[in-house]
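Below, each chain spelled out in residue letters.
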Amino acid sequence: MATASSWFFFHVFLLLFFSSTGQTTWSSDQDSYVSRESFSFEGDVAWIVQVSDLHISSYYPDRGEDLRKLLAPALRVIRPSLVLITGDLTDAKNKERTATRQDEYEWIQYKKVMNSVIKESDLDERAFFDIRGNHDKYGVPFVRSELDFFSKYSISSQLGRLGTIQSISLMGSNWKYLFLGLDDSMTIGLRGPSNLFGHPTDWRIETVDSELDIWDHQTDARVTKIVFGHFPMSFIASSNNGNRYENIFAKRSVAAYLCGHLHAKLSNQLWRLHTVDSASAFLRHEKLDEFWEWEVGDWKESRLMRILSIDGGEVSFVDIKLGVGSTEGIQTTILITYPTDSRNMNKINSQSKNFRKDISALVFSEKSVLNVTAKILDASRGFTLVEELPLHASGSTHHVPLFRTEWNTSNYKDASGTRFWLQVEVVDIHGMLTSTAPRPFSVDSKLAPLSKTWMAHLIFHIRWEKLFVLLLWSNISFLILLLSLPKLLNHFMERNTLYQRWAMSVSICLPFGQKRIFFWPLWFLIEGSRDRRLWWAMVLYLLYLLKFTWFWGHATSENDAVASMSLRGWTVEVSNYLVQDRIGNPDIMTVILPFMYIILTPLFLLIYCLCAERSAFYLHASKKLCESKEPVPLKMELEPNLQPLDAPLDSSRSMKTSNCKICRGWTRTGILVLCFVFSYLHFRICSVLMGAYGIGILFLSPAVSWIPPLLLVAAVYSTQSQVHVSHVKL
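Rules used throughout
Residues numbered from 1 in each chain as written. Predicted model: local features only at pLDDT ≥ 70, side-chain atom pairs only at ≥ 80, totals over all residues. Heavy atoms only, no water. Pairing = 2+ DSSP bridges. Helix = DSSP H or I, 4+ residues; strand = E, 2+ residues; numbered from the N terminus. Axes fitted to C-alpha atoms, helices over the stretch in contact; angles between N-to-C directions. Contact = heavy atoms within 4.5 Å. Buried < 20%, exposed > 50% of the residue type's maximum accessible area, 1.4 Å probe, protein only. Polar contact = N/O pair within 3.5 Å; in protein donor to acceptor, adjacent residues only side chain to side chain. Patch = residues over 30% accessible without salt bridge, like charges linked within 9 Å, V, L, I, M, F, W, Y side chains within 5 Å. Areas by Shrake-Rupley, 256 points an atom, 1.4 Å probe, with all protein chains shown as cover. Salt bridge = Lys/Arg side-chain N within 4 Å of Asp/Glu carboxyl O. Parallel < 35°, antiparallel > 145°, perpendicular 65-115°, else oblique. Nonpolar A, V, L, I, M, F, W, Y, C, P; charged D, E, K, R; others polar.

1. Comments concerning the sheet that holds strand β4 (residues 128–131)
The strands making up a sheet are joined through hydrogen bonds of the backbone, oriented either antiparallel or parallel.
1) Next: Ordered by their spatial adjacency, 5 strands build an open sheet running β4-β3-β2-β11-β12, and the pairing between neighbours is mixed. Two strands lie at the open edges of the sheet, namely β4 and β12 (314–321), each paired on one side alone. Along the sheet, successive strands turn relative to each other by an average axial angle of 20°, direction set aside.
2) Next: Relative to β12, strand β11 (residues 304–311) is paired through 8 bridges, and the arrangement is antiparallel. Note that in β12 the partner of Arg-306 across the bridge is Asp-319.
3) Next: Each of β3 (82–86) and β4 touches helix α3 (residues 104–121); the most contacted strand, β4, lies at about 155° to it.

In structure tokens:
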């Protein structure tokens, strides 16, 4: 029966939950400056190479060896202006992959391999740029600490580029191409799995805005801007003041944002067009503020490399899987620079409607090229050949493998961006034919629809920072309703002493039908919450998880002080005089959501099931007595699940629980099986947390390790009914 204390609890619960506690998050940029460099190139066509997620590992030496054997010969043929290595340079995991930690040997291996790549590719060392990923910050307490091996062994550190922003200018004849590199790894490097997101600071976002704005005022040449980083936008958290990059990139006309992090297992085409409706565009009834986001697959398992070109401001790229068809180097590779693919073309430079009248392509080959041919296909007529055009060498030197031809673009105007397709074929001096996959184009800057899988949409097109809040609050709201609603219903029903009689009449007298369908869920909730001790235990446990520490462990390195994690994030001792609170949010979702959805919610439901099953047993026993026309026990009628009578029974006037095979047989057995499954899942989650943050979590963290199984054992024990049901005449 609900009492005044129940209502008092909910008032206290709301006050405690919505009150704010703890310190505000402290953050800083230890390397708050911009590293700037400038390079020149011939003409206005530049191309760069991007690789990501190398994951050089002590236990998988083939990754580093393949980097030397495959990437160096490829770079020697391609000869890019820049080589961008966008994060996760080392793996930073133990052999069992249960713990994350920095391994100096991996960084020494990375340095040796990259030195070999630079030497064998015959490229300038200054053309190589590497940035941190989340793996490169696992367990690093702060920048320049003894575990910050990036500051010691990376290419950027060797060249003095330790700022969190790298500004690179490519200066052509009529165009300037700006590449802006962002290191958004955590200021304090938490160990995995609580290190998944990029964390830009307000200073960094403001500096990026200023850096991009400077180039908007350049009058001596036209500018195209490219930004690169490790984390996709969906995995970048907002700054302390709620600022984000999307508005900055769109407002400053960034052509594309290049990233890694997600690997090629999810999708080979993680492309997204970000469109931001600014106030000025709204007034002009235009939608001009947009930029592309392109994620490249990983080197770790896929051995992928991306070649990206900028031809007069038009950005194109092609992905190459190295090691396919040859042991070293690359096969003949073709990158069409214009017209661009209508599925991912950059429209920023096409707003003037002054369309170029050429077809251009870069051809990278170790062998001499005999001829290059462009084919125009019409998809509306079964991809029939419409026109065939020869392309001629345009570069004045061997280092500019550019082929071009003039054509009549007016013949290919169309309302859609998918009717006409372009394919380029190359024949080398040995007669080997290489061709590109046909791709759609549009001389009217019409975007073709971009197909994507539901997994790609979920991972790449949804901001996980917001999704975490939604999933967390949905679960918390469900648990609050699960605890409060039955008590509220029970309060009104028991207040009028009608519930037990109503339950008996409905369950015994009514045939199975619509009324019973509505009756059983309601009955399950009410009966599941009627054990006051278990109900209060669940309430207090939920309240503790919402407001207090979940567990303690080594949040950074194994030798650092033990830190605490709560629903608000980690509280880490940075030094003897400084404690940083609420870091690693929303990274903690990898711990919070599995525990809430796999452990806490099933635990409460299992306790309800056990309590409801016990009540069902007594209800079934009462039904048997009614069918035998015997008077129903008074105490069973009023409190069937809490106060069974245990007086001695006469053999002729007793009922054994074995007669109730449904309630005390298969049903309870099934629930107990679910309890064992729950125990196994709980053990697995605790094992993962112990591997990640230390075995001491088992003893220091009762909220996570001890309370769930203890609550379940208490529920199983307290819901065991007695063997006999007393028969008392009214």
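We are not done yet, so read on.
2. A look at the side chain of Ser-194
1) Next: Following the sequence through the fold, Ser-194 ends up in the loop between β6 (175–182) and α6 (202–216).
2) Next: Among the residues examined, Ser-194 registers a relative accessible area of 0% and is labelled buried.
3) Next: Of note is the side chain of Ser-194, whose polar atom sits 3.3 Å from the side chain of Trp-570.
4) Next: Once residues within four sequence positions are removed from consideration, Ser-194 is found in contact with Met-186, Trp-570, Asp-587, Ile-588, Thr-590, Val-591 and Tyr-693.

3. Re the environment of Val-113
1) Next: Mapped onto the elements of the fold, Val-113 is located in helix α3.
2) Next: Sequence separation between Val-113 and Asp-66 is 47 residues; the distance between their C-alpha atoms is 9.4 Å.

4. A few points about the sheet that holds strand β22 (residues 563–566)
1) Next: In space, the 4 strands of this open sheet follow the order β21-β22-β23-β24, with antiparallel pairing throughout. Across the chains shown, the open sheet's two edge strands, defined by having one partner strand only, are β21 (551–553) and β24 (578–583). When strand polarity is set aside, the average angle formed by the axes of neighbouring strands in this sheet is 25°.

5. Notes on a nonpolar patch on the surface
1) Next: Among the surface-exposed residues, Tyr-597, Ile-598, Val-673, Val-677, Tyr-680, Leu-681 and Phe-683 lie close enough to one another that they form a single nonpolar patch of about 640 Å² accessible area.
2) Next: Contributions of two or more residues to the nonpolar patch are made by α14 (589–627) and α16 (661–693).
3) Next: Here the nonpolar patch takes 5 residues from α16, the largest share from any one element.
4) Next: Here Tyr-680 shows up in helix α16.

6. A short note on the packing of helix α13 (residues 532–547) against helix α19 (residues 707–718)
1) Next: It is the contact of α13 with α19, at a shortest axis distance of 11 Å, that shows an interaxial angle of 170°. When the axis of α13 is compared with that of α19, the two are roughly antiparallel. Taking contact as the criterion, the partners of Leu-534, Ala-537 and Tyr-541 in α13 are, on α19, Ile-707, Pro-708, Leu-711, Ala-714, Ala-715 and Ser-718.
2) Next: For the contact of α13 with α19, the residue count by class is 8 nonpolar, 1 polar and no charged.

7. Considerations on unusual backbone geometry
1) Next: Looking along the chain, the bond that leaves Tyr-338 and enters Pro-339 is cis, with omega of -5°.
2) Next: Residue Asn-585 is joined to Pro-586 through a cis peptide bond whose omega torsion reads 20°.
3) Next: If you trace the backbone, Pro-586 turns up in the loop between β24 and α14.
4) Next: In this structure, Arg-144 is a non-glycine residue whose phi angle is positive, near 75°.
5) Next: Relative to the helices and strands, Arg-144 is located in the loop between β4 and α4 (150–153).

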